[in-house]
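Summary of the model geometry
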Amino acid sequence: GKLGLGGILFFDELNRAHQTVLSAALSLCLSGKIGSYPLPPHWIVVAAGNRPSDLGWGAKVTKIEPALANRFAHINYSPSTKSWIDWAIKKENMNPDIVGFIKWKPQYFHMLDPDQEPIAFPSPRSWEQASDEEYSVRGYDWGRKLSYEKIRNIYTDYIGLDAATAFVGYLELKEHYNEKDVEDVYTKAAKAKPLPKRPDYAFAATASIASYKRGKKLTVEELTNVLDFALKGIPDLEQRTP
């Protein structure tokens, strides 16, 4: 922008910074200067950091003293799947199947167990990074085919083996029983598409049907339809139970 209009001085991962950096931040927030250097007019200080509980036991966290903490307004920020999907569907480098997978299995949107200290895990950032590499490998053409093994290998490096395997499982299942087929179970009851005959695909489909409305309120009609489908469309009791 134009000189003199102001700006933002951003401290990222402030609670993992060295104590000398925290002292500089405190000086800026208290007096607006470091030594003889003043913060220019209309500039503000913004800081960000993850909660210590999200960083794992091995992470080094620097304690933010009350004098510094009291100089900030504290805002907890967590991106929602909806806001991320609204952003992702407009990005050329984002595999459209990721959006479908996250809608279907939202637990994989951000999955971090800090106690395990994983190197690669699903997050908004790592999904985009994996998609970037896949897009490059496909020659910047989503219509170009890749083997499931290749896709799994690409995504494992960024989101971990468990999430990558679940994503590839979704891609395989989509060829036989996609999201529209699952939705039809809740609206068309026993007239919806039958489950795939292959047992592992059938189990994956029933799990997807069962989790499709997780966290959402079912109407009486939807509950009636899904139970009707289970009783009439799934002859195998072991598959019906989920």
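Residues numbered from 1 in each chain as written. Predicted model: local features only at pLDDT ≥ 70, side-chain atom pairs only at ≥ 80, totals over all residues. Heavy atoms only, no water.

Right, let's talk about the pattern of salt bridges for a bit. Using the criterion set out here, one finds seven salt bridges in the structure. Among the salt bridges present, the one from Arg 138 reaches Glu 134, with a minimum N-O distance of 2.8 Å. In terms of burial, Arg 138 and Glu 134 fall into one category: buried. Among the salt bridges present, the one from Asp 228 reaches Lys 232, with a minimum N-O distance of 3.1 Å. Residue Asp 228 and its partner Lys 232 are located together in helix H11 (residues 220–233), separated by four residues, close to a single helical turn. (Salt bridge = Lys/Arg side-chain N within 4 Å of Asp/Glu carboxyl O. Buried < 20%, exposed > 50% of the residue type's maximum accessible area, 1.4 Å probe, protein only. Helix = DSSP H or I, 4+ residues; strand = E, 2+ residues; numbered from the N terminus.)

Tracing the backbone shows Arg 138 in the loop between helix H6 (124–137) and helix H7 (148–159). A polar contact is formed between the side chain of Arg 138 and the side chain of Glu 134, at a distance of 2.8 Å. From its side chain, Arg 138 meets the backbone oxygen of Arg 144 in a polar contact 2.3 Å long. Those residues in contact with Arg 138, other than ones at most four positions away along the chain, are Arg 144, Lys 145, Leu 146 and Ile 151. (Polar contact = N/O pair within 3.5 Å; in protein donor to acceptor, adjacent residues only side chain to side chain. Contact = heavy atoms within 4.5 Å.)

Counting residues in hydrophobic clusters, the biggest one holds 38 residues, and the most contacted among them are Trp 84, Trp 127, Tyr 155, Phe 167, Tyr 177 and Ile 209. Within the residue set of this core, elements represented by two or more residues are helix H4 (81–88), helix H5 (96–104), H6, H7, helix H8 (161–174), helix H9 (179–188), helix H10 (199–211) and H11. When residues in this core are grouped by element, the largest group, seven residues, is from H8. Once residues within four sequence positions are removed from consideration, Tyr 155 is found in contact with Asn 95, Ile 98, Trp 127, Ala 130, Ser 131, Glu 134, Gly 160, Ala 164 and Phe 167. Counting ten residues, the second-largest nonpolar core is a separate cluster that includes Phe 11, Leu 39, Val 45 and Leu 68. (Core = buried A, V, L, I, M, F, W, Y, C linked by side-chain atoms within 4.5 Å.)

Now for the confidence of the model for the protein. Reading fine detail from the predicted coordinates is not recommended where pLDDT is low. Averaged over every residue, the pLDDT of the protein is 85; the share at 70 or more is 93%. Within the protein, helix H2 (residues 52–55) has the poorest average pLDDT of any element, 62, and H7 the best, 96. (pLDDT = per-residue confidence, 0-100.)

The end-to-end C-alpha separation of H7 is 16 Å, in line with the 16 Å expected for twelve residues at 1.5 Å each. Within H7, the full set of buried residues consists of Ile 151, Ile 154, Tyr 155 and Ile 159. End-on view of H7: buried residues confined to an arc of 105 degrees, all on one side of the axis. Looking at H7, the residues exposed on the side facing more than 90 degrees away from the buried face are Glu 149 and Asp 157. Buried positions along H7 lie against H5, H6 and H8. Phi turns positive one or two residues past the end of H7, at Gly 160, with a value near 90 degrees. (Expected span 1.5 Å × (residues − 1). Arc of directions from axis to C-beta.)

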